[in-house]
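# A structural walkthrough
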Amino acid sequence: MSAELRAAAAEFAATALRTVRAEFPYDLRVLYRAPGDAPGRPRDRHPAFYGSFDWHSAVEMHWVLLRLLCRFPDVIDAAAVRAVLDEHLSPEAIIVETAYYVANPGAQRPYGWGWALTLHEEAASWPAAGHWAAALQPLADHFLDALTAWLPGAPYPVRHGVHPNSAFTLVRSLRSARRRAHRGDDRPLRAIEEAAVRWFGDDRDAPVRWEPSGADFLSPVLTEAVLMAEVLPPGEFEAWLAAFLPGLGNGPLFEPAVVADSSDGQTAHLHGLNLSRAWALGRLAATVDSADLRSALLESARRHAEPELAEVSGSHYMVEHWLAAYALLYLDDEY
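Since we're looking at a predicted model, the values are computed, not measured.

### Some points on helix α1 (residues 2-20)
- The principal kink in α1, of about 45°, is found at A8.
- All buried positions along α1 are accounted for by L5, A8, A9, F12, A13, T15, A16, L17, T19 and V20.
- Buried residues along α1 sit in contact with α3 (55-71), α4 (78-88), α14 (317-320) and α15 (323-331).

### Describing unusual backbone geometry
- Put simply, F24 and P25 share a cis peptide bond, and its omega is 0°.
- Cis geometry marks the peptide bond from R109 to P110, where omega comes out at -5°.
- Inspection of the secondary structure assignment puts P110 in the loop between α5 (91-103) and α6 (111-124).
- A positive phi angle is found at S52, which is not glycine, with a value near 60°.
- With respect to the secondary-structure elements, S52 resides in the loop between α2 (42-45) and α3.
- The phi torsion at F53 lies on the positive side, around 80°, for a residue other than glycine.
- If you trace the backbone, F53 turns up in the loop between α2 and α3.
- Since its relative accessible area comes to 17%, F53 is described here as buried.

### Description of the environment of L328
- For L328, the location among the structural elements is in helix α15.
- Its relative accessible area of 0% is what places L328 among the buried residues.
- The sequence separation of L328 and M318 amounts to 10 residues, and the corresponding C-alpha distance is 18 Å.
- Apart from residues no more than four positions distant in its own chain, L328 is found in contact with L5, F12, W63, V64, R67 and L68.

Criteria and cut-off values
Residues numbered from 1 in each chain as written. Predicted model: local features only at pLDDT ≥ 70, side-chain atom pairs only at ≥ 80, totals over all residues. Heavy atoms only, no water. Bend = angle between axes of the 7 residues up to and from the residue. Helix = DSSP H or I, 4+ residues; strand = E, 2+ residues; numbered from the N terminus. Buried < 20%, exposed > 50% of the residue type's maximum accessible area, 1.4 Å probe, protein only. Contact = heavy atoms within 4.5 Å.

This is the structure:
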(Lines give C-alpha, C1' and ligand atoms only; values in the text may rest on other atoms or scores of the structure.)
Protein backbone atom coordinates (compact mmCIF):
# COMPACT_ATOMS: atom_id res chain seq x y z
CA MET A 1 0.00 0.00 0.00
CA SER A 2 3.01 2.28 -0.30
CA ALA A 3 1.60 4.00 -3.38
CA GLU A 4 -1.66 4.76 -1.56
CA LEU A 5 0.23 6.10 1.43
CA ARG A 6 2.44 8.25 -0.76
CA ALA A 7 -0.66 9.76 -2.36
CA ALA A 8 -2.09 10.59 1.09
CA ALA A 9 1.16 11.68 2.76
CA ALA A 10 0.89 15.42 2.10
CA GLU A 11 -2.67 15.56 3.42
CA PHE A 12 -1.81 13.51 6.52
CA ALA A 13 1.22 15.66 7.27
CA ALA A 14 -0.68 18.91 6.81
CA THR A 15 -3.37 17.73 9.23
CA ALA A 16 -0.79 16.66 11.79
CA LEU A 17 1.12 19.94 11.46
CA ARG A 18 -2.05 21.88 12.10
CA THR A 19 -3.23 19.85 15.06
CA VAL A 20 0.05 19.52 16.98
CA ARG A 21 0.26 23.33 17.08
CA ALA A 22 -3.38 23.81 18.13
CA GLU A 23 -3.21 24.41 21.88
CA PHE A 24 -6.96 24.74 22.30
CA PRO A 25 -9.24 22.94 22.84
CA TYR A 26 -7.19 20.68 25.12
CA ASP A 27 -8.26 17.99 27.57
CA LEU A 28 -5.82 18.46 30.46
CA ARG A 29 -6.22 15.98 33.32
CA VAL A 30 -4.90 17.06 36.71
CA LEU A 31 -4.69 15.17 39.99
CA TYR A 32 -5.19 17.73 42.72
CA ARG A 33 -3.02 16.99 45.74
CA ALA A 34 -3.12 20.45 47.28
CA PRO A 35 -4.26 24.02 46.61
CA GLY A 36 -2.24 25.56 43.82
CA ASP A 37 -2.24 22.45 41.64
CA ALA A 38 -4.59 24.05 39.14
CA PRO A 39 -3.14 23.92 35.63
CA GLY A 40 -1.97 26.88 33.60
CA ARG A 41 -1.97 26.78 29.83
CA PRO A 42 -1.47 23.33 28.29
CA ARG A 43 1.92 24.25 26.87
CA ASP A 44 3.16 25.32 30.31
CA ARG A 45 2.83 21.73 31.50
CA HIS A 46 3.47 20.02 28.18
CA PRO A 47 5.82 22.11 26.04
CA ALA A 48 6.28 19.28 23.54
CA PHE A 49 2.80 17.74 23.43
CA TYR A 50 0.39 20.58 24.11
CA GLY A 51 -1.64 20.23 20.91
CA SER A 52 -4.02 17.76 19.27
CA PHE A 53 -6.64 17.99 22.04
CA ASP A 54 -4.83 15.70 24.52
CA TRP A 55 -1.37 14.42 25.36
CA HIS A 56 -1.48 10.98 23.81
CA SER A 57 -3.01 12.30 20.57
CA ALA A 58 -0.23 14.87 20.34
CA VAL A 59 2.34 12.08 20.71
CA GLU A 60 0.58 10.03 18.02
CA MET A 61 0.53 12.93 15.59
CA HIS A 62 4.21 13.69 16.16
CA TRP A 63 4.84 10.07 15.21
CA VAL A 64 2.83 10.67 12.03
CA LEU A 65 5.04 13.64 11.18
CA LEU A 66 8.26 11.82 11.90
CA ARG A 67 7.26 8.70 10.01
CA LEU A 68 6.14 10.64 6.94
CA LEU A 69 9.30 12.74 7.02
CA CYS A 70 11.33 9.55 7.01
CA ARG A 71 9.42 7.95 4.15
CA PHE A 72 8.24 10.82 1.95
CA PRO A 73 10.34 13.96 2.47
CA ASP A 74 9.83 14.88 -1.18
CA VAL A 75 6.02 14.80 -0.86
CA ILE A 76 5.30 16.58 2.42
CA ASP A 77 6.31 20.04 3.62
CA ALA A 78 9.55 18.68 5.05
CA ALA A 79 10.89 22.05 6.20
CA ALA A 80 7.77 22.76 8.23
CA VAL A 81 7.82 19.28 9.75
CA ARG A 82 11.46 19.58 10.74
CA ALA A 83 10.82 22.98 12.29
CA VAL A 84 7.96 21.66 14.43
CA LEU A 85 9.93 18.60 15.50
CA ASP A 86 12.94 20.75 16.36
CA GLU A 87 10.74 23.01 18.47
CA HIS A 88 8.67 20.35 20.21
CA LEU A 89 11.23 17.56 20.56
CA SER A 90 13.94 19.74 22.02
CA PRO A 91 15.93 18.46 25.02
CA GLU A 92 14.50 21.27 27.13
CA ALA A 93 10.89 20.42 26.29
CA ILE A 94 11.35 16.70 26.88
CA ILE A 95 13.00 17.31 30.25
CA VAL A 96 9.81 19.10 31.34
CA GLU A 97 7.64 16.31 29.92
CA THR A 98 9.67 13.62 31.68
CA ALA A 99 9.58 15.47 34.99
CA TYR A 100 5.80 15.65 34.76
CA TYR A 101 5.48 11.87 34.44
CA VAL A 102 8.03 11.19 37.15
CA ALA A 103 5.87 13.31 39.44
CA ASN A 104 2.63 11.71 38.16
CA PRO A 105 3.60 8.06 37.74
CA GLY A 106 0.20 6.66 36.74
CA ALA A 107 -0.64 9.35 34.20
CA GLN A 108 -1.22 8.19 30.61
CA ARG A 109 -0.78 4.55 31.62
CA PRO A 110 -0.68 2.53 29.49
CA TYR A 111 -1.80 4.04 26.16
CA GLY A 112 0.31 7.19 26.21
CA TRP A 113 3.32 5.17 27.32
CA GLY A 114 3.05 2.87 24.32
CA TRP A 115 2.74 5.72 21.84
CA ALA A 116 5.65 7.62 23.41
CA LEU A 117 7.78 4.49 22.99
CA THR A 118 6.61 4.21 19.38
CA LEU A 119 7.63 7.81 18.73
CA HIS A 120 11.07 7.33 20.26
CA GLU A 121 11.61 4.06 18.43
CA GLU A 122 10.78 5.76 15.14
CA ALA A 123 13.44 8.38 15.82
CA ALA A 124 15.96 5.81 17.05
CA SER A 125 15.50 3.71 13.89
CA TRP A 126 16.43 6.55 11.51
CA PRO A 127 19.96 8.00 11.67
CA ALA A 128 18.78 11.39 10.41
CA ALA A 129 16.49 11.64 13.44
CA GLY A 130 19.24 10.89 15.93
CA HIS A 131 19.04 14.29 17.63
CA TRP A 132 15.30 13.84 18.24
CA ALA A 133 15.91 10.30 19.50
CA ALA A 134 18.51 11.61 21.94
CA ALA A 135 16.11 14.27 23.20
CA LEU A 136 13.31 11.71 23.62
CA GLN A 137 15.52 9.13 25.32
CA PRO A 138 14.79 10.16 28.94
CA LEU A 139 11.04 10.02 28.37
CA ALA A 140 11.28 6.65 26.62
CA ASP A 141 13.52 5.24 29.35
CA HIS A 142 11.07 6.41 32.00
CA PHE A 143 8.07 4.78 30.34
CA LEU A 144 9.84 1.53 29.45
CA ASP A 145 11.12 1.21 33.01
CA ALA A 146 7.66 2.03 34.38
CA LEU A 147 6.07 -0.58 32.13
CA THR A 148 8.62 -3.18 33.22
CA ALA A 149 7.91 -2.47 36.88
CA TRP A 150 4.12 -2.40 36.45
CA LEU A 151 3.46 -5.51 34.36
CA PRO A 152 4.46 -8.25 36.85
CA GLY A 153 2.04 -6.88 39.42
CA ALA A 154 -0.91 -6.63 37.01
CA PRO A 155 -2.77 -9.94 37.29
CA TYR A 156 -5.48 -9.12 34.75
CA PRO A 157 -5.53 -7.33 31.41
CA VAL A 158 -7.91 -4.57 30.37
CA ARG A 159 -9.78 -5.94 27.40
CA HIS A 160 -12.10 -3.17 26.21
CA GLY A 161 -11.34 -1.18 23.09
CA VAL A 162 -10.27 2.22 24.43
CA HIS A 163 -7.14 3.71 25.97
CA PRO A 164 -6.50 1.28 28.85
CA ASN A 165 -6.46 -1.71 26.45
CA SER A 166 -3.52 -3.84 27.56
CA ALA A 167 -2.76 -5.70 24.33
CA PHE A 168 -2.38 -2.59 22.18
CA THR A 169 0.11 -0.99 24.55
CA LEU A 170 2.25 -4.13 24.55
CA VAL A 171 2.26 -4.16 20.74
CA ARG A 172 3.29 -0.51 20.69
CA SER A 173 6.08 -1.15 23.24
CA LEU A 174 7.65 -4.27 21.74
CA ARG A 175 10.08 -2.57 19.38
CA SER A 176 11.55 -0.48 22.17
CA ALA A 177 11.84 -3.52 24.40
CA ARG A 178 13.59 -5.46 21.64
CA ARG A 179 16.01 -2.61 21.04
CA ARG A 180 16.93 -2.57 24.71
CA ALA A 181 17.27 -6.37 24.72
CA HIS A 182 19.66 -6.09 21.77
CA ARG A 183 21.73 -3.77 23.95
CA GLY A 184 21.90 -6.33 26.74
CA ASP A 185 18.87 -5.64 28.96
CA ASP A 186 16.05 -8.06 28.21
CA ARG A 187 13.94 -7.31 31.29
CA PRO A 188 11.35 -5.15 29.48
CA LEU A 189 11.00 -7.70 26.69
CA ARG A 190 10.59 -10.57 29.14
CA ALA A 191 8.02 -8.58 31.13
CA ILE A 192 5.98 -7.91 27.99
CA GLU A 193 6.15 -11.47 26.68
CA GLU A 194 5.36 -12.98 30.08
CA ALA A 195 2.40 -10.65 30.61
CA ALA A 196 1.01 -11.43 27.15
CA VAL A 197 1.15 -15.19 27.70
CA ARG A 198 -0.16 -14.92 31.27
CA TRP A 199 -3.07 -12.69 30.25
CA PHE A 200 -4.05 -14.18 26.91
CA GLY A 201 -2.35 -17.55 26.39
CA ASP A 202 -5.35 -19.63 27.47
CA ASP A 203 -8.02 -17.56 25.71
CA ARG A 204 -10.50 -19.50 23.61
CA ASP A 205 -13.63 -18.70 21.57
CA ALA A 206 -13.28 -14.92 21.41
CA PRO A 207 -16.59 -13.09 22.00
CA VAL A 208 -16.69 -11.54 18.56
CA ARG A 209 -20.38 -10.67 18.84
CA TRP A 210 -19.61 -8.31 21.71
CA GLU A 211 -17.91 -5.92 19.32
CA PRO A 212 -18.12 -3.06 18.85
CA SER A 213 -18.80 -1.18 22.03
CA GLY A 214 -20.08 2.34 21.58
CA ALA A 215 -16.76 4.13 22.14
CA ASP A 216 -14.21 1.60 20.86
CA PHE A 217 -11.34 2.65 18.66
CA LEU A 218 -9.59 -0.70 19.06
CA SER A 219 -10.91 -4.20 18.52
CA PRO A 220 -10.19 -6.09 21.76
CA VAL A 221 -10.25 -9.40 19.88
CA LEU A 222 -8.10 -8.44 16.90
CA THR A 223 -5.61 -6.39 18.92
CA GLU A 224 -5.04 -9.36 21.21
CA ALA A 225 -4.46 -11.59 18.19
CA VAL A 226 -1.89 -9.17 16.76
CA LEU A 227 -0.03 -9.19 20.08
CA MET A 228 0.04 -12.98 20.28
CA ALA A 229 1.32 -13.19 16.72
CA GLU A 230 4.27 -11.12 17.93
CA VAL A 231 5.12 -13.08 21.07
CA LEU A 232 4.36 -16.71 20.15
CA PRO A 233 6.43 -18.86 17.74
CA PRO A 234 4.59 -19.32 14.43
CA GLY A 235 3.49 -22.89 15.10
CA GLU A 236 2.17 -22.05 18.56
CA PHE A 237 0.41 -18.97 17.25
CA GLU A 238 -1.36 -20.95 14.55
CA ALA A 239 -2.80 -23.30 17.17
CA TRP A 240 -3.67 -20.42 19.48
CA LEU A 241 -5.44 -18.49 16.71
CA ALA A 242 -7.48 -21.55 15.68
CA ALA A 243 -8.74 -21.89 19.25
CA PHE A 244 -9.23 -18.15 19.80
CA LEU A 245 -11.01 -17.39 16.52
CA PRO A 246 -12.35 -20.76 15.40
CA GLY A 247 -14.64 -19.19 12.80
CA LEU A 248 -11.91 -17.21 11.07
CA GLY A 249 -11.45 -19.81 8.37
CA ASN A 250 -15.06 -19.38 7.29
CA GLY A 251 -14.44 -15.77 6.31
CA PRO A 252 -14.15 -12.39 8.02
CA LEU A 253 -16.03 -12.14 11.30
CA PHE A 254 -16.32 -8.38 11.49
CA GLU A 255 -18.51 -5.84 9.73
CA PRO A 256 -17.40 -2.18 9.66
CA ALA A 257 -18.83 -0.07 12.46
CA VAL A 258 -21.28 2.74 11.70
CA VAL A 259 -20.42 6.21 13.04
CA ALA A 260 -23.57 8.13 13.91
CA ASP A 261 -22.03 11.45 15.03
CA SER A 262 -18.44 12.46 14.34
CA SER A 263 -18.75 15.55 16.53
CA ASP A 264 -19.21 13.39 19.61
CA GLY A 265 -15.71 12.52 20.80
CA GLN A 266 -16.69 9.08 22.07
CA THR A 267 -18.82 8.05 19.10
CA ALA A 268 -16.11 9.38 16.77
CA HIS A 269 -13.80 6.70 18.16
CA LEU A 270 -15.56 4.25 15.85
CA HIS A 271 -13.76 5.81 12.87
CA GLY A 272 -10.57 4.64 14.52
CA LEU A 273 -12.06 1.23 15.25
CA ASN A 274 -12.55 0.63 11.55
CA LEU A 275 -8.99 1.68 10.76
CA SER A 276 -7.43 -0.23 13.64
CA ARG A 277 -9.39 -3.31 12.62
CA ALA A 278 -8.06 -2.85 9.09
CA TRP A 279 -4.51 -2.64 10.47
CA ALA A 280 -5.02 -5.77 12.59
CA LEU A 281 -6.65 -7.75 9.79
CA GLY A 282 -3.71 -6.91 7.55
CA ARG A 283 -1.25 -8.03 10.23
CA LEU A 284 -3.13 -11.31 10.70
CA ALA A 285 -3.31 -11.90 6.96
CA ALA A 286 0.49 -12.04 6.92
CA THR A 287 0.44 -14.92 9.41
CA VAL A 288 -1.94 -17.35 7.67
CA ASP A 289 -0.98 -19.98 5.10
CA SER A 290 -4.25 -20.16 3.20
CA ALA A 291 -4.27 -17.86 0.18
CA ASP A 292 -8.08 -17.73 0.24
CA LEU A 293 -8.17 -16.72 3.91
CA ARG A 294 -5.42 -14.18 3.38
CA SER A 295 -7.38 -12.64 0.51
CA ALA A 296 -10.57 -12.55 2.58
CA LEU A 297 -8.84 -10.84 5.50
CA LEU A 298 -7.27 -8.24 3.23
CA GLU A 299 -10.59 -7.57 1.54
CA SER A 300 -12.23 -7.10 4.94
CA ALA A 301 -9.42 -4.72 5.88
CA ARG A 302 -10.03 -2.71 2.72
CA ARG A 303 -13.79 -2.48 3.40
CA HIS A 304 -13.12 -1.25 6.93
CA ALA A 305 -10.52 1.32 5.92
CA GLU A 306 -11.74 2.77 2.65
CA PRO A 307 -14.49 5.08 3.97
CA GLU A 308 -12.40 6.18 6.96
CA LEU A 309 -9.41 7.47 5.02
CA ALA A 310 -11.54 10.38 3.85
CA GLU A 311 -12.16 11.35 7.50
CA VAL A 312 -8.51 12.09 8.32
CA SER A 313 -8.80 15.71 7.24
CA GLY A 314 -11.70 17.98 6.48
CA SER A 315 -13.89 16.27 9.05
CA HIS A 316 -14.67 17.26 12.64
CA TYR A 317 -11.76 18.15 14.94
CA MET A 318 -12.78 15.33 17.29
CA VAL A 319 -11.72 13.02 14.46
CA GLU A 320 -8.93 15.03 12.87
CA HIS A 321 -6.81 15.41 15.98
CA TRP A 322 -5.83 11.72 16.03
CA LEU A 323 -7.19 9.63 13.14
CA ALA A 324 -4.15 10.06 10.89
CA ALA A 325 -2.14 7.85 13.24
CA TYR A 326 -4.47 4.91 12.63
CA ALA A 327 -4.64 5.57 8.92
CA LEU A 328 -0.85 5.46 8.85
CA LEU A 329 -0.73 2.21 10.83
CA TYR A 330 -3.01 0.65 8.22
CA LEU A 331 -1.32 2.03 5.13
CA ASP A 332 2.31 1.61 6.16
CA ASP A 333 3.50 -1.84 5.16
CA GLU A 334 6.06 -1.91 7.97
CA TYR A 335 3.47 -1.48 10.73
